[in-house]
Amino acid sequence: EKTLGKEHPNTASSYNNIGVVYNNQGEYDKALEYHFKALEIREKTLGKEHPNTASSYNNIGLVYNNQGEYGNALEYYFKALEIVEKTLGKEHPNTAISYNNIGLVYNNQGEYDKALEYYFKALEVQEKVLGKEHPSTTTSYYNIGYTYGNLCEYNKSLEYYFKALEIQKKILGKEHPYTATTYNDIGWTYNEIEEYNKALEFHFKALDIRKKIFGEEHIETGKSYNHIGKAYKNLGEYNKALEYLSKALTIRERVLGVEHTQTIATKELIEEINGK
């Protein structure tokens, strides 16, 4: 600010970086304050169609999405998309990122068909430009699987989860947190279609990774214990269900507190089993 001035592109980069940190801290109003400072400079010095200006639009959209202000998020994500399509083209990785961001907001709004439309746009670019075994392509497979799950189209959901899983195991490794997440969600999907033994198979795979990476008392480990308990409950194996749900409850009470919705949900499952 002192040597270059308050309207220099480098100053804008500093404002942007501060905004990113505030967003990561969950201080969204402060994040927006600094992202809008960066945006104002970039629009003035670089123009409204510069990639850095598009980056500011994206960052503002991300903060609004985190705040649950989905209309505002879409407004800025579409501004970013318009720039990257025009300056970089429709088949650029950054354009795919914009498609993906828009898909995420639509998914959060419960507009799953629109979410899929943009996820598939992202996937088409990524497969063509980055290849089928790139981490970004994997993310699109996962997002599509997750959205099909929200639509209760479970066979399609599993199809894309398994595509994501195959790549994750290859490029991230069999013990990566993202691999564990995909195992977890495959298990959840099998539970929804009442294939409880398969659900357990994948939940235990997720649990093994999470215990190794995060430890016994991490919230992700607790999530796996909870899913395993629910699957055993659905199988009518109530003693095993109570064993794993009790482990989940201990972690959730310690990490989230006794009044958190996840803690209460686990406690209610235990009470339901004890009342049988």
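Fair warning: this is a prediction, and the values are worked out from it, not measured in the lab. (Residues numbered from 1 in each chain as written. Predicted model: local features only at pLDDT ≥ 70, side-chain atom pairs only at ≥ 80, totals over all residues. Heavy atoms only, no water.)

1. Notes on the overall build of the protein
Here's step 1: Across its full length, the protein holds 13 helices and 0 strands.
Here's step 2: N-terminal to C-terminal, the α/β element order of the protein is α-α-α-α-α-α-α-α-α-α-α-α-α.
Here's step 3: Principal axes of the C-alpha set define a box for the protein whose edges measure 70 × 40 × 30 Å.
Here's step 4: For the protein, with 276 residues in total, the buried portion stands at 42%.
Here's step 5: Considering only contacts in the protein between residues 6 or more positions apart, those separated by 24 or more positions represent 51%.
Here's step 6: For the protein, the accessible surface area stands at approximately 14,100 Å², while carbon and sulfur atoms represent 46% of it.
Here's step 7: Separation of charge centres in the protein, based on 33 positive and 39 negative side chains, amounts to 3 Å. (Helix = DSSP H or I, 4+ residues; strand = E, 2+ residues; numbered from the N terminus. Buried < 20%, exposed > 50% of the residue type's maximum accessible area, 1.4 Å probe, protein only. Contact = heavy atoms within 4.5 Å. Areas by Shrake-Rupley, 256 points an atom, 1.4 Å probe, with all protein chains shown as cover. Lys, Arg positive; Asp, Glu negative; His and termini not counted. Charge placed at Lys NZ, Arg CZ, Asp CG, Glu CD.)

2. Things to note about the nonpolar core
Here's step 1: Ile 102, Ile 144 and Ile 186 are the most contacted members of the largest nonpolar core, which totals 46 residues.
Here's step 2: Counting 16 residues, the second largest nonpolar core, distinct from the first, contains Ala 231, Tyr 244, Ala 248 and Ile 270. (Core = buried A, V, L, I, M, F, W, Y, C linked by side-chain atoms within 4.5 Å.)

3. Considerations on helix H8 (residues 154-171)
Here's step 1: For H8, which comprises 18 residues, the first-to-last C-alpha distance of 26 Å matches the rise-based estimate of 26 Å (1.5 Å per residue) to within 8%.
Here's step 2: Turning to H8, its buried residues are Tyr 154, Ser 157, Leu 158, Tyr 160, Tyr 161, Ala 164, Leu 165, Ile 167 and Gln 168.
Here's step 3: Where H8 is buried, its residues contact helix H6 (112-129), helix H7 (135-150), helix H9 (177-192) and helix H10 (196-214). (Expected span 1.5 Å × (residues − 1).)

4. Comments concerning the pattern of salt bridges
Here's step 1: Evaluated as defined, the whole model comprises 17 salt bridges.
Here's step 2: One salt bridge in this structure joins Lys 233 and Glu 272, with 3.2 Å as the shortest N-O distance. On the criterion of sequence distance, the pair formed by Lys 233 in helix H11 (residues 219-235) and Glu 272 in helix H13 (residues 261-274) is long-range, its members being 39 residues apart.
Here's step 3: Given the relative accessible area of 15%, Lys 233 is considered buried.
Here's step 4: Here Glu 237 makes a salt bridge to Lys 240, at a shortest N to O gap of 3.7 Å.
Here's step 5: Taking relative accessible area as the criterion, Glu 237 reaches 34% and is therefore assigned partly exposed.
Here's step 6: It is possible to trace a salt-bridge network through shared partners that takes in Arg 210, Glu 220 and Lys 223. (Salt bridge = Lys/Arg side-chain N within 4 Å of Asp/Glu carboxyl O.)

5. Considerations on the packing of H6 against H7
Here's step 1: One can describe the packing of H6 onto H7 by two numbers: an axis separation of 9 Å at closest approach and a directional angle of 160 degrees. The angle between H6 and H7 places the two elements in the roughly antiparallel class. Taken as a pair, H6 and H7 cross one another with a handedness that is left-handed. Between H6 and H7, the contacting residues are Tyr 112, Ala 115, Leu 116, Tyr 119, Phe 120, Ala 122, Leu 123, Gln 126 and Glu 127 on the first element and Ser 136, Thr 137, Ser 140, Tyr 141, Asn 143, Ile 144, Thr 147, Tyr 148 and Asn 150 on the second.
Here's step 2: Among the residues making up the contact of H6 with H7, the classes are represented as 10 nonpolar, 7 polar and 1 charged. (Axes fitted to C-alpha atoms, helices over the stretch in contact; angles between N-to-C directions. Parallel < 35°, antiparallel > 145°, perpendicular 65-115°, else oblique. Left-handed = near helix turned anticlockwise from the far one by under 90°. Nonpolar A, V, L, I, M, F, W, Y, C, P; charged D, E, K, R; others polar.)

6. Re the environment of Asn 155
Here's step 1: Here Asn 155 is to be found in helix H8.
Here's step 2: Accessibility expressed as a relative area gives 63% for Asn 155, which makes it exposed.
Here's step 3: When the C-alpha positions of Asn 155 and Ile 193 are compared, they lie 9.1 Å apart, and in sequence the two are 38 residues distant.

7. Some points on the environment of Glu 272
Here's step 1: Taking relative accessible area as the criterion, Glu 272 reaches 40% and is therefore assigned partly exposed.
Here's step 2: Between the C-alpha atoms of Glu 272 and Lys 233, which are 39 residues apart in sequence, the distance is 9.9 Å.
Here's step 3: Of the polar contacts made by the side chain of Glu 272, one reaches the side chain of Lys 233; its length is 3.2 Å. (Polar contact = N/O pair within 3.5 Å; in protein donor to acceptor, adjacent residues only side chain to side chain.)

8. What to know about helix H2 (residues 28-45)
Here's step 1: Helix length check: H2 (18 residues) gives 26 Å between terminal C-alpha atoms against 26 Å at 1.5 Å per residue, within 8%.
Here's step 2: Among the residues of H2, Ala 31, Leu 32, Tyr 34, His 35, Ala 38, Leu 39, Ile 41 and Arg 42 are the ones counted as buried.
Here's step 3: Following H2 by one or two positions, Gly 47 adopts a phi angle in the positive range, close to 100 degrees.

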